[in-house]
Amino acid sequence: DSFDEVNLIKTRKVVIDNTFYEKCVSKQFTCYSSAKYRSMDGTCNNLQNPLWGSSFSPYIRLDKAYYADGNFSMRVQFRDGKPLPSARTLQVGIFWMQTPSWDIPDINNYQVNQFGQYLAHDITLMPSNFAVPPNDCCEVQGQKNIPLSCQAVIKVEANDPSYSIINKTCLPFKRAMTAAIDFNCPIFPQIPFNQQTAFIDASQLYGPTPKKAASLRSFQGGKLKTEEINGQKFGIQVQRNGSKLCGGRNNVNYCFNRGDVRNNQHFGLILYEETFLRFHNLITDLLIELNPHWIDETLYHEGRRIVIAFEEIIVYRDYLPILLGKDYCDSVGLSLSKDNKTVYDPTIMPQLAVEFSAAAFRIPHNVAPMFYYFLDQNYDVTEIYKLNEFMGIADQIVPINKLEELLRGMCYNQGRSPLPNYNPLITSRLFHGWVKGAADQDLASIDVQRGRDSGIPPYYKFREICGFKNITSFNDLVGIFYDDFDIGRLQLFYDSVFDIDFIVGALLEKNVEGGMVGETARCIIADSFFRSRNGDRFFFDVPDQPGSFTEEQLDVLWSLDLSQLFCLTTNIDQLPVDIFKPLEVLDMYDCKSIELNLGPWKVDNTG
Ligand code: HEM
Ligand SMILES: [Ca+2]
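Below is a short write-up of the structure. This structure is a prediction, so every number in the text was calculated from the model and none was measured.

A short note on the coordination of the iron atom of ligand 1
Protein coordination of the iron atom of ligand 1 rests on one atom only, His365 (NE2), at 2.0 Å. Within the secondary structure, histidine 365 sits in the loop between α11 (354-357) and β8 (371-375).

Points about the coordination of the calcium ion (ligand 2)
Around a metal, the idealised angle for a tetrahedral arrangement of four donor atoms is 109.5 degrees; for an octahedral arrangement of six donor atoms it is 90 or 180 degrees. The coordination sphere of the calcium ion (ligand 2) contains the protein donors Asp122 (O), Asp122 (OD), Thr197 (O), Thr197 (OG1), Phe199 (O), Asp201 (OD) and Ser203 (OG), at a distance range of 2.2 to 2.6 Å. Counting residues between consecutive donors of the calcium ion (ligand 2) along the chain gives the motif D-x74-T-x1-F-x1-D-x1-S. Taken together, the residues span a long stretch of sequence, with aspartate 122 in helix α4 (residues 110-123) and aspartate 201 in the loop between β5 (193-194) and α6 (203-206) at a distance of 79 residues. Aspartate 201 shares its class with aspartate 122; the two are buried.

Considerations on the packing of aromatic side chains
The tally for this structure, following the rule as stated, stands at 35 aromatic pairs. Arranged with centres 6.3 Å apart and planes meeting at 55 degrees, the rings of phenylalanine 115 and tyrosine 272 form a pair that is tilted. Taken together, the residues span a long stretch of sequence, with phenylalanine 115 in helix α4 and tyrosine 272 in helix α8 (residues 267-290) at a distance of 157 residues. We classify phenylalanine 115 as buried; its relative accessible area is 0%. By relative accessible area, tyrosine 272 is classed as buried at 0%. For the pair phenylalanine 431 and tryptophan 434, a centre-to-centre distance of 4.4 Å together with 40 degrees between the ring planes defines the contact as tilted. Exposure class is identical for phenylalanine 431 and tryptophan 434. Each is buried. Connected via pairs of aromatic rings, a cluster forms that spans Phe115, Tyr118, Tyr272, Phe276, Phe279, Phe310, Tyr319, Phe566 and Phe580. The ring of tyrosine 206 is capped by arginine 304, whose NZ or CZ atom sits 5.9 Å from the centre of that ring.

What about the pattern of salt bridges?
Applying the stated criterion to the full structure yields 33 salt bridges. A salt bridge links aspartate 285 to lysine 223, with the nearest nitrogen and oxygen atoms 2.5 Å apart. With aspartate 285 in helix α8 and lysine 223 in the loop between α7 (210-216) and β6 (226-229), the pair connects residues that are 62 residues apart, well separated along the chain. Take aspartate 285: its relative accessible area is 37%, and that puts it in the partly exposed class.

Considering the site of ligand 1
Near ligand 1 there are 24 residues, and of these Thr124, Met126, Arg362, His365 and Arg450 occur at the shortest range. Contact between ligand 1 and glutamine 117: a nitrogen atom at 3.4 Å from a side-chain N or O atom of the residue.

Thoughts on the state of the cysteines
In this structure the tally under the stated criterion is seven disulfides. Note on cysteine connectivity: cysteine 466 is disulfide-linked to cysteine 523, with sulfurs 2.0 Å apart. Around the S-S axis, the bridge from cysteine 466 to cysteine 523 shows a dihedral of about -90 degrees and counts as left-handed. Of this pair, cysteine 466 sits in the loop between α14 (459-465) and α15 (485-493) while cysteine 523 sits in helix α17 (residues 519-534), and the two are 57 residues apart along the sequence. With no disulfide partner, cysteine 329 has as its closest neighbouring cysteine sulfur the one in cysteine 523, 13 Å distant. A residue is classified by how much of its surface remains accessible, and cysteine 329, at 0% relative accessible area, is buried. The closest cysteine sulfur to the non-disulfide-bonded cysteine 411 is located on cysteine 567, 9.4 Å from its own sulfur.

Notes on the environment of tyrosine 589
With respect to the helices, strands and loops of the structure, tyrosine 589 is situated in strand β12 (residues 588-590). Accessibility expressed as a relative area gives 17% for tyrosine 589, which makes it buried. Sequence-wise, tyrosine 589 and aspartate 573 are 16 residues apart; in three dimensions their C-alpha atoms are separated by 8.6 Å. A polar atom in the side chain of tyrosine 589 sits 2.5 Å from the side chain of aspartate 561.

Describing the packing of helix α3 (residues 87-95) against α15
Direction vectors running N to C along α3 and α15 enclose 150 degrees, while the axes themselves pass 10 Å from each other. With respect to α15, the axis of α3 lies roughly antiparallel. Where α3 crosses over α15, the two elements pack in a sense that is right-handed. In this structure, α3 uses Thr89, Leu90, Gly93 and Ile94 to contact α15, whose residues at the interface are Arg489, Leu490 and Phe493. Counted by class, the contact of α3 with α15 contains four nonpolar, two polar and one charged residues.

Remarks on the side chain of serine 445
Relative to the elements of secondary structure, serine 445 occurs in helix α13 (residues 443-453). Residue classification places serine 445 among the buried residues on the basis of a relative accessible area of 0%. The residues touching serine 445, leaving out its near neighbours within four places in the chain, are Ala87, Arg88, Gln91, Ile154 and Leu171.

Quick look at the packing of α3 against α13
Orientation of α3 relative to α13, taken along the N-to-C sense of each, is 135 degrees, at an axis distance of 8 Å. The orientation of α3 with respect to α13, classified from their angle, is oblique. As α3 runs across α13, the sense of the crossing is right-handed. Together, Ala87, Arg88, Leu90 and Gln91 of α3 and Ala444, Ser445, Val448, Gln449 and Arg452 of α13 make up the contact between the two elements.

Basis of the calculations
Residues numbered from 1 in each chain as written. Chains lettered and ligands numbered in written order. Predicted model: local features only at pLDDT ≥ 70, side-chain atom pairs only at ≥ 80, totals over all residues. Heavy atoms only, no water. Donors = N, O, S within 2.8 Å, 3.2 Å for Na, K, Ca; no water. Helix = DSSP H or I, 4+ residues; strand = E, 2+ residues; numbered from the N terminus. Buried < 20%, exposed > 50% of the residue type's maximum accessible area, 1.4 Å probe, protein only. Phe/Tyr/Trp six-rings, centres within 6.5 Å; stacked < 30°, edge-to-face > 60°. Lys NZ or Arg CZ within 6 Å of the ring centre and 35° of its normal. Salt bridge = Lys/Arg side-chain N within 4 Å of Asp/Glu carboxyl O. Near = heavy atom within 4 Å. Polar contact = N/O pair within 3.5 Å; in protein donor to acceptor, adjacent residues only side chain to side chain. Disulfide = S-S within 2.5 Å. Axes fitted to C-alpha atoms, helices over the stretch in contact; angles between N-to-C directions. Parallel < 35°, antiparallel > 145°, perpendicular 65-115°, else oblique. Left-handed = near helix turned anticlockwise from the far one by under 90°. Contact = heavy atoms within 4.5 Å. Nonpolar A, V, L, I, M, F, W, Y, C, P; charged D, E, K, R; others polar.

Below is the structure:
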């Protein structure tokens, strides 16, 4: 078998802990192997283990849990058992000083960031329990009986180069929900929950539960609900009862309601949510023309099945080769090819690893750009917005032509180059303008703290899991990072090489050739994408399933790409054929000439 590295993780015998399914779920499932469509929540995908990969089930662990007490308290230093350095202290001491105050331009554009985030929101959501007070964990520090979920706020030093300016000494952090604490299900050590379906099934659009999904459907013609704003069709908004609040933000006029709760995070993401929603409704329009006898239910599920197949193709054919490197994808069986169909294996656990969600797949936060440019038809800049100041607010893109101007900017501008640091706006003023307690966060500190919160192994252990040479001293790190001086910087903060947090080490690593992440992150990311696909009975090209596409239908699906989707769902005039490459103005689609032909979906209605 040539799929060495991914197999290496598979054959480490990842222990699938079934305690949750056996002890904590009382519902009995009757699954039908003849079902043509996926359930909304991912249940019954695996017929023997109906909850595998479903929403609200625990992540798996690639290794044991690393907690100080073996149960839930955060990891401590290897030598003396003292707390690890504050996540913010690491960000300031190792990354901040080396972060340029502008984005270094990349060979790819903003779409790589945006598709990545849209995809992340399909497969993973490891939330804190915001329903349980207090809202702002910093406010209760120093009091007696601090709730467990608030015991890991991030300490900020008085001389912090950015937070001292606004007198911030504490970053609120709420620990992720776990089986034992939030679902009353005694699993120890604790394990966080995935509130999304682990499958690539567009659950960020349709909703990860039957209830949420139903609330977004119009129940007419298979469509998702829309409303008209400024003469354009958008998805529905959240019922705000006259309040002007969107998520954590005051004074906004527009706030959308979609399958994933993070959908309003910023306008780049909203562009994807809106265009994919319009794509679904366009498909159902075409299907009803071909098959006028189809009822709403059939149209909805057939449309959904096409949208999902489309997303899966973009992920495995177009996106992962850019993120991980094309040759690597070929060698570990992640590539998609027309004649080599995906083999479904019911023994593969499709659920993602906590090491993936809490850490490895966050490395691409390093390409989140500082500024968004809006370009008109002549490619002149009409607006420039700071990412962090326009989070939780859709107002800028609902006026006529604005979605198109944003889209143009995201295609023609070079994106942020993947280097060890995140942009300084999201490491000091993330969610700027939000309500007190939520405002002015640091995503880099959060990512370090989330790793400790969820008990993932330290950096050296990840390298061992991935089969790289063992690390036993700081010296063994020579040659792994962009800059060997970083080893000295790490030594300033960590007592021992065994203490280094995964994401800190992984961000410093040299990127792999032809990819955007280092070798350790790549190995963990590949493992979860392998699971999510090969453990998915409904993956679009798995043959001989009740819902398998015909060869003619597959030909149509293969002919589609992201640029065509944007052509079909917006009023944009033209787009580069390769959606991820800036400045490729030679190979363009004239959007007026793009049509979607779903002919192979016409069925004989006499049968
Ligand atoms: C504009 C760009 C982005 C912003 C502002 C952003 C922001 C955030 C925030 C605030 C969180 C929650 C952190 C926590 O509380 O633990 C998060 C989580 C996450 N992000 Fe991003 N992100 C961006 C892009 C991306 C990209 C490009 C990827 C991957 C390709 C990504 C992957 C993830 C993952 C895997 C998580 C954890 C999700 C979970 O399971 O809860 N993000 N991001
Ligand atoms: Ca999903």
